[in-house]
Amino acid sequence: MRPTTLIRLFTSCLLVLGALFIFRGLLAQSQTPQAIPEPIDNPQATPAPIYDPYPPGILPDDLNAEIARVLREIDSLENRAIRRWHNLPPPTLTGQPPILKDTGTDAVEILGELMQYDKKISPNRNIACASCHMPYVAFSGPIPSVNLTMIAYPGTVHFRAGKRTAQRYTYSSFFPVLQYNETQGLFFGGNFWDSRATGYLLRSPDAHQSQGPPVDTQEMGFPDTACITFRLSRSVYRPLFELVWGRGSFDISFPADTEQICATPGGAAAFHGDTTPVNLSPADRTRSNDVYDHWAQSLNAYEGSTQVTAFSSKFDAFLAGNYTMTPIERQGYNLFRGKANCNSCHLDGRGTALNPGQSDNSMAAQVNPLFTCFGSANEGLPLNPRDAIYYQTTPDPFGFIANPFGFGFRDLGMGTFLRSGPGSWPNPNASWRQFAPLTDGQMQVSSARNVAMTPPRCPTTEAPGPYFQKEFFHNGYIKSLKQLVHFYNTRDKQGFAFNVTSGHCPDGTIEKVNCWPMPEVPNNIDMTTGDLHLTDQEEDAIVAFLQTLTDGFTRPYPFRDTFTGTCMSGGSASTQGNEFLIPTPPLPPCAPEICGVAPRPSPNPIP
């Protein structure tokens, strides 16, 4: 047979195979989508070298085993989400404006759920959104030993880590677009501890927040948002994405080196600071950006769904007249909105004017309170020397340095964001910059809902337990709700505040009991709390009330039972975690790259 005949025969076979492939694709689009195998993008890839700049005791001994445990749980949840997708009757696209009729809500929520548990949405395919946000702790940090020690969670590069605790997803979808209220002189809204996810473009801070971790060098760590588009285009749930957001979403010509680029973590010296190393045409970049927006909107749909944001707590049943609080819960509630003044920031839809002995028995004016004012405050937390960020001062295997300032770093929260400073995002509103000195140290007022959620097998956050070790506030300094309430109660009490750093409380005192070290950022401290004159029993009552805000009372909270780890037990909630305190080293002044950026606070510069 002649070579030309062979070529023609080969070409004919290709055409037939191509036609069959196209027919198969059209048939798949007309039926309930089935899982398709994901291509192996880079079978020759080798694990990156371990990055460990930490002194002994910062990384927990069980870190590798606990990461593996969480990944197994994530695989289980992803498989459940895939089955849920396959069992979904496809919606019908109809109407003007076009609506996904009947099951459109389920479709976009399931899409977000599939994204939440997808490990492949990271360069090394070893971390998902859920690695830091699991359902059994209200979508916050799932590793007790990390919560106890290094504070921030390791990302795709082991062991790069961030600088703050993993915030809860629950009720985050209700936070409004960040706005400066001129009358009050305060900011309200946004997402993240420093409110940098303003929602200025998508008009949803929660969706905006979802766009951060995939390209955060310390988290999922892609070097380019186009890498998310690329991995989504090769995911098993691509048909669902195209069903929700449209066929043609992935009609993008990716360069041949895309997988190599996307397998290299962000910040690598090889990129020379280029934030868009995937070389797309302008039209393809726009299409990729649209996909990334839809990524965010899908995750926002899941986080706002009743699977995550459930309104199913004892307190919700109480507002509906279907639950009677116990005496200690009722006492805690009265203290919460009275003497303890918690309700001045964590709003329950009622006032805070109760006097001792008074009880408000009126009907609730609001039956879905979010227990936040959407604002920000500096609560005067001490610097936590266990935070992994302080030690990441040397280049990792990719030539990246997370924190060149070492212990010269100070977390100014919103103040750094408004200055477009290091470790935050660019400020999209130049008129806000002037307010940076007034917001130094301020962190978002999270919803108090689900602050006490733990897996059923570890039914409390409090020692002696059995308990699940959580971490509270942005830097994880507080380890139990008892400590949290005690901090608000006694931070400024005479004889409790000392001019020392953590780990250096005077002899005869106990840190977090009758000694509070000096605040990391002494400017703009919220003075509505600090010396509340609560008794020990009243503190316990407030903790009991906070536990009524845990979802899962009126109906089971989805997947809260997926925890396969070990509970902790023993000790006292008052001193919980104190055996892991370490002395803060002598602190250098705040780095000028952080505290010297205009506008500088005056007359009190941050030390």
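For the structure itself, consult the block above.
The sections below set out a description of the structure shown in this document. (Residues numbered from 1 in each chain as written. Predicted model: local features only at pLDDT ≥ 70, side-chain atom pairs only at ≥ 80, totals over all residues. Heavy atoms only, no water.)

Leu232, Tyr237 and Trp295 are the most contacted members of the largest nonpolar core, which has 90 residues in total. Secondary-structure elements contributing two or more residues to this core are helix H2 (63-86), helix H3 (104-116), helix H6 (226-233), helix H7 (238-245), helix H8 (258-262), helix H9 (282-303) and helix H16 (592-595). A total of 9 residues in this core trace back to one element, the largest contributor, which is H2. Those residues within four positions of Trp295 in sequence are excluded, and the remaining contacts are Met115, Ile121, Cys129, Ser210, Pro214, Met220, Ile228, Leu232 and Phe241. Of all hydrophobic cores here, the second largest spans 35 residues; its members include Val485, Ile542, Val543 and Leu549. (Core = buried A, V, L, I, M, F, W, Y, C linked by side-chain atoms within 4.5 Å. Buried < 20%, exposed > 50% of the residue type's maximum accessible area, 1.4 Å probe, protein only. Helix = DSSP H or I, 4+ residues; strand = E, 2+ residues; numbered from the N terminus. Contact = heavy atoms within 4.5 Å.)

It is worth spelling out the state of the cysteines at this point. Following the criterion strictly, the structure yields 4 disulfides and no others. One disulfide in the model links Cys227 with Cys262; its S-S distance is 2.1 Å. Disulfide Cys227-Cys262: the torsion about the S-S bond is -85 degrees, which places it as left-handed. Here Cys227, found in helix H6, pairs with Cys262, found in helix H8; they are 35 residues apart in sequence, far enough to count as distant. You can call Cys227 buried: its relative accessible area is 0%. With its sulfur 2.0 Å from that of its partner, Cys505 forms a disulfide with Cys515. (Disulfide = S-S within 2.5 Å.)

Now for helix H11 (residues 327-336). Of the positions making up H11, those classed as buried are Glu329, Gly332, Tyr333, Asn334, Leu335 and Phe336. Lining the buried residues of H11 we find helix H10 (314-319) and helix H15 (536-546).

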